Amino acid sequence: MKKSVLTLSLILFLFSLKIYSQNSFGLNGFWSMNKKANIMSNSIDGNPSNFSNVKDWAIDLSYGGEFANTTISNLYLLSLAKTIDKSNFYLRYTPGYQKDFIFISGQSVVLNESSTQTLSSKFSYKEIFGVGYSYQINENLSVGFTTRLFNQEFNNEVIEPIFSDSLYFNLKTESENSSFWKTDLGINFTPVEYLSLSVASINLVDISTKKDITSNSVYEIKRPKGAQFGVTLSPYKKLNFNFIYETSKSFMAGINTGLNFENGSFNLSVSALHDNEQSPYITGIVPAISYQTKILGITLSGVKYFRDKNISQSFSVFETEGINNILNNKYSFDKAALTISFRLNTIAEEKAKIINLKIVQDIFPAFDDNYLNRPFAVGKVVNQTDKKISIKPSSKIIGLNKDIIYSPDVFVNAHDTVDIPFFTIVPDSYSNTKNTVSYVDFYISTKTDENDDKLQKPILINKINAWDGKVIHLKEFVKKDADYIIKYAKEILSENKSKLDTLVYFLSTFYKAKILFDNLVKKLVYVADPNATSDYVQFPQQTIELKGGDCDDLSVLYSAALENIGIQTALIDYKPEKGLGHVNLLFNTGLSPQMAKWITDNDSKYFIRKNKIGEDQVWIAIETTSLTDFIKAWELGSEKFNNEALDNFGLARGKVEIVDIQ
Amino acid sequence: MKKLLFVVLIMTGYLSAQNFVVKKVNGDVKAQIGTSEIWNAVNNNTELDKKTTIMTSKNSDIVLMFGNEKIKINNLSIVALKGIKKFSTDELLLALAMENLINIPDKKDNTINSSNTAVYGKEINGNTKTINDETNFGIMRLNGAKQLAENGYVESAIVEAMETYRKYPDTKPLSAYRIYFADLLVSKNLYEEALTEYNNIVELKLSDKEKIHTEVQMTFLKKKLLR
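J.: Explain the overall build of chain A here, please?
T.: Along its length, chain A carries 10 helices and 32 strands. For chain A, buried positions account for 40% of its 662 residues. Expressed as a percentage of contacts within chain A between residues at least 6 apart in sequence, the contacts between residues at least 24 apart total 64%.

J.: Would you mind going over the interface of chain A and chain B with me for this structure?
T.: Bring the parts together and some accessible area is lost; that lost area is often taken as the interface size. With 29 residues of chain A in contact, the opposing surface of chain B contributes 31 residues. Only strand S30 (607-610), helix H9 (630-647), helix H10 (650-653) and strand S32 (656-660) of chain A provide two or more residues apiece to the side of chain A that touches chain B. The biggest single contributor to the side of chain A that touches chain B is H9 of chain A, with five residues. Class assignment for the residues of the side of chain A that touches chain B results in nine nonpolar, seven polar and 13 charged.

J.: When you look at the packing of helix H3 (residues 137-150) of chain B against helix H4 (residues 154-167) of chain B in this model, what are you seeing that I'm missing?
T.: All names here are of chain B. Between H3 and H4, whose axes approach to 7 Å, the crossing angle comes to 165°. Here H3 is positioned roughly antiparallel relative to H4, judged by the angle of their axes. Both H3 and H4 take part in a crossing whose hand is left-handed. Along the contact surface, H3 presents Gly138, Arg141, Leu142, Gly144, Ala145, Lys146, Leu148 and Ala149, while H4 presents Val154, Ser156, Ala157, Glu160, Ala161 and Thr164.

J.: Please explain helix H6 (residues 508-523) of chain A as it appears in this structure.
T.: Every α-helix winds through 3.6 residues per turn, so residues three or four apart in the chain are directed the same way. In a regular helix each residue adds 1.5 Å, so 16 residues correspond to 22 Å; H6 of chain A covers 23 Å between its end C-alpha atoms and thus fits that length. Its buried side turned inward, H6 of chain A meets helix H4 (482-495), helix H5 (497-501), helix H8 (551-563), strand S29 (582-588), strand S31 (616-622) and H9 of chain A.

J.: Is there a simple way to think about the sheet that holds strand S1 (residues 20-26) of chain B in this case?
T.: Either a parallel or an antiparallel arrangement is found when strands of a sheet pair, and the pairing is made through backbone hydrogen bonds. Residue and element names in this part refer to chain B. The strand order S4-S1-S6-S7 describes an open sheet built from four strands, whose pairing is antiparallel. This sheet does not close on itself; its edge strands, each paired only once, are strand S4 (47-48) and strand S7 (69-73). In the sheet, strand S6 (residues 61-66) pairs with S7 via five bridges, with the strands oriented antiparallel. Counted as the bridge partner of leucine 64 is isoleucine 71 from S7.

J.: Explanation requested: the confidence of the model for chain B in the structure shown.
T.: Predicted coordinates in regions of low pLDDT should not be interpreted in detail. All names here are of chain B. Mean pLDDT over chain B stands at 81; residues scoring 70 or higher make up 79%. This stretch, residues 1-16, has a pLDDT under 50; its non-local contacts, to residues over four places away or in other chains, come to one contact. Long-range and interchain partners of residues 107-130, a stretch whose pLDDT sits below 50, account for 38 contacts in this model, where long-range means more than four residues apart. Interface confidence for the predicted complex, given as ipTM, is 0.82, next to a pTM of 0.59.

Calculation criteria
- Residues numbered from 1 in each chain as written.
- Chains lettered and ligands numbered in written order.
- Predicted model: local features only at pLDDT ≥ 70, side-chain atom pairs only at ≥ 80, totals over all residues.
- Helix = DSSP H or I, 4+ residues; strand = E, 2+ residues; numbered from the N terminus.
- Buried ≥ 20, exposed ≤ 12 C-beta atoms within 10 Å, placed from the backbone.
- Contact = placed C-beta atoms within 7 Å.
- Nonpolar A, V, L, I, M, F, W, Y, C, P; charged D, E, K, R; others polar.
- Axes fitted to C-alpha atoms, helices over the stretch in contact; angles between N-to-C directions.
- Parallel < 35°, antiparallel > 145°, perpendicular 65-115°, else oblique.
- Left-handed = near helix turned anticlockwise from the far one by under 90°.
- Expected span 1.5 Å × (residues − 1).
- Pairing = 2+ DSSP bridges.
- pLDDT = per-residue confidence, 0-100.

Shown next as structure tokens:
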């Protein structure tokens, strides 16, 4: 046999299903190499970088047949893929990745008068298994490698003469075989959403692990080194154009499209291939149709060659050219395959993603109500699905929240990006004496028990008495220590019960306010903020216990005392041109304008404010830092308010602001 | 030119800082300074600072000098001297806007609740006649505001009137005063504000003459605002 064999009839017994004319595409379709693709085979045949869109576990099973003279079907691939964080691991067993050639030589052995034995050779090429690994460096970039184990076996029948008493011939099979590992590297890059690029090696590393071949080495699989370059262009969401070019001058071009249903998607793909080793120029097409759900995928695909089905080839050609690819070569037939894919996602599908997050206000523990009404952070969140979804934002500030705090749900249209507010709750029991830098864990979820995305950001938690200088936030200090202040105020008023009892009812509010102020001034002194800053405010109880404070502290205390006995107050924010501002307060006497003359003969000492139902009521301004007596504080408060708020248009120009406590 | 401008600026500063000098007092004229509760008698040739409020009784008046300017306050009037100053129209608008800014926010009902339905307007004949009621500070303030207008301080007069309506709601039904000050708004081309005021006036009990005047003014204002 061997080289002396002149003519060979070539019969192919091929069990392969997934076929590759070059190194670059799969029988179950050439789908876009894009994470957002509706379907992407996790096969590594045309994907040397092991680029994967598998979210957790994936099991693929392919079964199919070849339309040769005798149609033979077989299980040809079983694969398992697992993604852990940014890494994807791939393992496959390929019992059907095999191509056998049987060559009938012209030599025959006459066994007896009536029968002869024709000598033959059988060449078997197999791919046994493969592994792959890829790592997603960032959203745009992924790198990886694949390595595959091949085996080649060459069996030649020969006649061996045996010399003994008589000469006879023995028919025996001479076998040679070898194994080798083929390893390739690749990179996938997605610079923009609608464009994906890839580059990978072909036969980069080729290591023989077993080589017991001498005379058949010429028939080994040809493994020329090269590279492949791929591009996927997605001008529309459901339309992808794909192209791969190999340095062997082979290429493949394909188009994918799809239609989404409520529980799945229906996808079509067709690709044309040009193999430099085969003819005609467009060697064949690879159509594929697939239905995919979250868990199960079924893909029916095939390859149709345009060349003549009756293959007759001189052995010398085979001897010269050999084959480059087990599954797709010039001796391959049309094929069909059914691939069933299972996706076992124990990880929640990321329907929504946080693309940006901004802390809009640091935490001032005293402003507890503020964080229920105003978000402390705003996240820019994108809906990655084709459907309108409800996103539940939540957060946990380490060191502040014991539990996760849920913010209101937000509906987001398909593929839309919205700003989502995060609110929080400061526990009543929370207290800290120093500013602290902590961290917030932000979560968004579309289900109640699983998070789609999470992000951590640093946040400043200020000390309990910290204030941001905004008078509107002094309201939060006024509301503190309510029990203590109610008791304190009631004690003072009860001491003056006899005086209050002699008053007409409508004057009681005014005189209660007067009695409280006159009592407070006896115990308090004005102390300018020692640091000349506006970042610290005492709670009402602290001011009483410390026997003094600055304008913020005294206004907070007096406002708290009045509010807690049912007298409406408002803080007056005198905003500075530069440096520190000033705060005092207004309170509602409960008198109508007609009754103002009961408390004063000077109409510049009161101001008319409409209440929430449009009634005019008499309010008076009190300068809380004037700790002489109520009358003096009233005069000073009135003068300041008249001068700065009214006569100089401070209210209209925004230099003076009234901040109602309720 | 620069020199002239400098002189003007100096003079303005001088005028704004200077006090009022009482030139002539007839009858019972009192003054209240700042936040004081006491009204003191005013004598000739005394100086009054701008925190002072002047009150003239029946058959009394006072002549003040403010720089070279002579101001006469007639009887039954209350005038805060801080109101004797020139406003720009922008400042007048700011002053009018302050009424809303001082109120409690989020009010659900903007209707004015005036429990007092006393009508003083019957005694008014024309736009200049005043009410002689020395017990009603509100009316005396409106009289004072009118005299500010008559002395050329129209913007101040409007602000004083609005403030008086708030502090002395009994004056709100005084249709003759309301019409007088609404017409001042028209004279300053503040048509929207004037129409708002006339919309309130038309709800009052008006004489036939006042009704006709109000209708004419409202038609005029609507035409102006529609342009």
